[in-house]
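# Descriptive structure summary
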Amino acid sequence: MTFIGQNVVAQALSDPHLSIIPRTDDERARIANVTKPTTDFTQASRFEERAAGAATVRARTNANAFSQSSANIPFADELTFKVGNGLFRKLWVSSPSSTLASDGLGPLFNARSCQLCHIKDGRGHPPEANDSNAISMLMRVSIPSDYDALIDEISEYIATSPDPTYGHQIQDFAVQGHPAEFQISITYEEEEVTLSGGATVSLRHPSYTLDGAGYGPLHPDAMFSPRVAPQMIGLGQLEAIPAADIVALADPDDSDGDGISGRPNIVWSKEFDVAMLGRFGLKAGNPTIRQQTADAFSGDIGISSPLNPMGAGECTAAQVTCQTATHGDGDARVFEVDNEILDLVSFYSRNLAVPARRNVDDPTVLQGKQVFYETGCIACHTPSFVTHRLTDQPEQSFQLIWPYTDMLLHDMGDALADHRPEARATGHEWRTPPLWGVGLTEQVSGHTYFLHDGRARSLLEAIMWHGGEAQSQRDAVAAMTKADRDALITFLESL
């Protein structure tokens, strides 16, 4: 492997966050056979209905479809899941407060709880016309940099720095006595796209404005990236896929000539102090659920933890009143969120179950599946994996899963570019999002907004935004018959 510095090859391809039982040669052969993409579209693939293996749950018909625990969770761990759920939903308050277990909010923040962004554990949305804030959507910010120490550890790492005044993220709320950083507003310009047969679809191009600067001007070279909160299901299964299996799908030089050149993001683990495969976040900027959780506590809520010990959360040295405010750390917990709470919320996030597929044997679904496979969508949306065999995580151990993602970075073209790098990811690259549960978005979240910033109002719009490496697949969908296009959408809605 040459995509990272030779001094971290072994660590980057290992999974130090997992307690692994190595695979046997026989298991590797069985896995290769069972995960080989099907060419038979007359019936559903074996076990396809159980998208997350034995952890899959019955698909509920209400908004709680994404809020169930893994079906195979040990009974003794159900309480751990429920306590983690309570902490995920907990509203934090500012300091000083008599409720010492819940104080430490902000002073700058985007939401008072995890649940307020990941509503019903589902997908967030951009602010609507009458919304007074951007809850469930945030704006990342950084500036170009000449050097970052990680350049010496990870090749092709792109150096950036936080905005000197506003840090890595724009917070549009603040506790009493402190100004928020900015308010985010969006306007859209519609573009009509013609499909085969004279059908049309309208794409809305977003433009973003930051109003009401609370701490002075941004750096003139500031780069922005709007992010809608992603759905929470299946994270534990994604975390348990062997890093080597994901990296094996990479083709950075497009050696097979299919136009697809996925690359892994390699990021630094705060917990293990090594380079690891990036898995989580829209650009795969975090290696583990625990680090993702700690970063969300810090950046989104302003809560310190052992991985992010700053009591002031994301506020910078330029924000003096934020730095000198009363914070919720320094008591018996030491941090506003201690290791126990961080572990509980991580356990909850790891075990939010994927609902079972619906109508897998329906003829239209099978037609759409064939269109999806033969159009080449599976070049990025890899149908299935088998997770590591684990000693201490039965919910994720040795499961055949169907997430429809390769977990790699892909250039999605100019139209979707945010022009803001993250670790090895360029301003044109995004991690392939898993598609499981996508058909339940409206049921759970009350909308059908997709892509990193929610600009697409339907699955068809999301497809039509594809460019770059996926341009040929996008064009094929635009040109195919209405019957095939409708079947494709019906297949996606079954996931």
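Overview of the structure.

Calculation criteria
Residues numbered from 1 in each chain as written. Predicted model: local features only at pLDDT ≥ 70, side-chain atom pairs only at ≥ 80, totals over all residues. Heavy atoms only, no water. Helix = DSSP H or I, 4+ residues; strand = E, 2+ residues; numbered from the N terminus. Expected span 1.5 Å × (residues − 1). Contact = heavy atoms within 4.5 Å. Polar contact = N/O pair within 3.5 Å; in protein donor to acceptor, adjacent residues only side chain to side chain. Salt bridge = Lys/Arg side-chain N within 4 Å of Asp/Glu carboxyl O. Buried < 20%, exposed > 50% of the residue type's maximum accessible area, 1.4 Å probe, protein only. Phe/Tyr/Trp six-rings, centres within 6.5 Å; stacked < 30°, edge-to-face > 60°. Disulfide = S-S within 2.5 Å. Core = buried A, V, L, I, M, F, W, Y, C linked by side-chain atoms within 4.5 Å.

For helix H9 (residues 363-374), which comprises 12 residues, the first-to-last C-alpha distance of 16 Å matches the rise-based estimate of 16 Å (1.5 Å per residue) to within 8%. Tucked into the core, H9 has its buried residues touching helix H13 (482-494). Between the side-chain oxygen at the start of H9 and the backbone nitrogen of Thr364 there is a gap of 2.9 Å, and the oxygen is on Asp362. Among the residues trailing H9, Gly376 stands out with phi positive, at a value near 95°.

Here the focus is the pattern of salt bridges. Taken as a whole and judged by the stated rule, the model has 23 salt bridges. Glu78 serves as the salt-bridge partner of Lys82, at 3.5 Å between the closest nitrogen and oxygen. Of the two residues, Lys82 and Glu78 both sit in helix H3 (residues 75-89), four residues apart, roughly one turn of that helix. A relative accessible area of 21% places Glu78 in the partly exposed class. Between Asp295 and Lys270 there is a salt bridge, with its nearest N and O atoms 2.7 Å apart. Taken together, the positions of Asp295 in helix H6 (residues 289-301) and Lys270 in the loop between strand E10 (266-268) and strand E11 (275-277) put the pair 25 residues apart, joining distant regions of the chain. Residue classification places Lys270 among the partly exposed positions, given a relative accessible area of 39%.

One pass over the full model with this rule turns up 11 aromatic pairs. Their ring planes at 50° and their centres at 5.1 Å tell us that Phe88 and Tyr348 sit as a pair that is tilted. One end of the pair, Phe88, is in helix H3; the other, Tyr348, is in helix H8 (residues 339-350), with 260 residues separating them in the sequence. For the pair formed by Phe88 and Tyr348, the shared burial category is buried. Ring plane angle 80° and centroid distance 5.8 Å describe the contact between Phe372 and Tyr404, whose orientation is recorded as edge-to-face. Pair noted here: Phe372 is in helix H9 and Tyr404 is in the loop between strand E14 (400-401) and strand E15 (409-411), with a separation of 32 residues, a long-range link. With a relative accessible area of 3%, Phe372 lands in the buried category.

What the rule picks out here adds up to one disulfide. Each sulfur of the disulfide joining Cys315 and Cys322 lies 2.5 Å from the other. Its S-S torsion of approximately -100° makes the covalent link between Cys315 and Cys322 left-handed. The thiol sulfur of Cys114 is not disulfide-bonded, and the nearest other cysteine sulfur, from Cys117, lies at 8.2 Å.

This part covers the nonpolar core. Core analysis: the biggest nonpolar cluster contains 53 residues, and Trp92, Ile246, Phe297, Ile301, Val337 and Trp436 have the highest contact counts within it. Among the elements of the structure, H3, helix H4 (235-239), helix H5 (243-247), E10, E11, H6 and H8 are those that each provide at least two residues to this core. Counting residues per element, this core draws most heavily on H8, at six residues. Setting aside anything within four residues of it in sequence, one finds Val337 in contact with Trp92, Phe297, Ile303, Ser304, Ser305, Pro306 and Leu342. With 40 residues, the next largest nonpolar core counts Val201, Leu416, Met464 and Leu492 among its residues.

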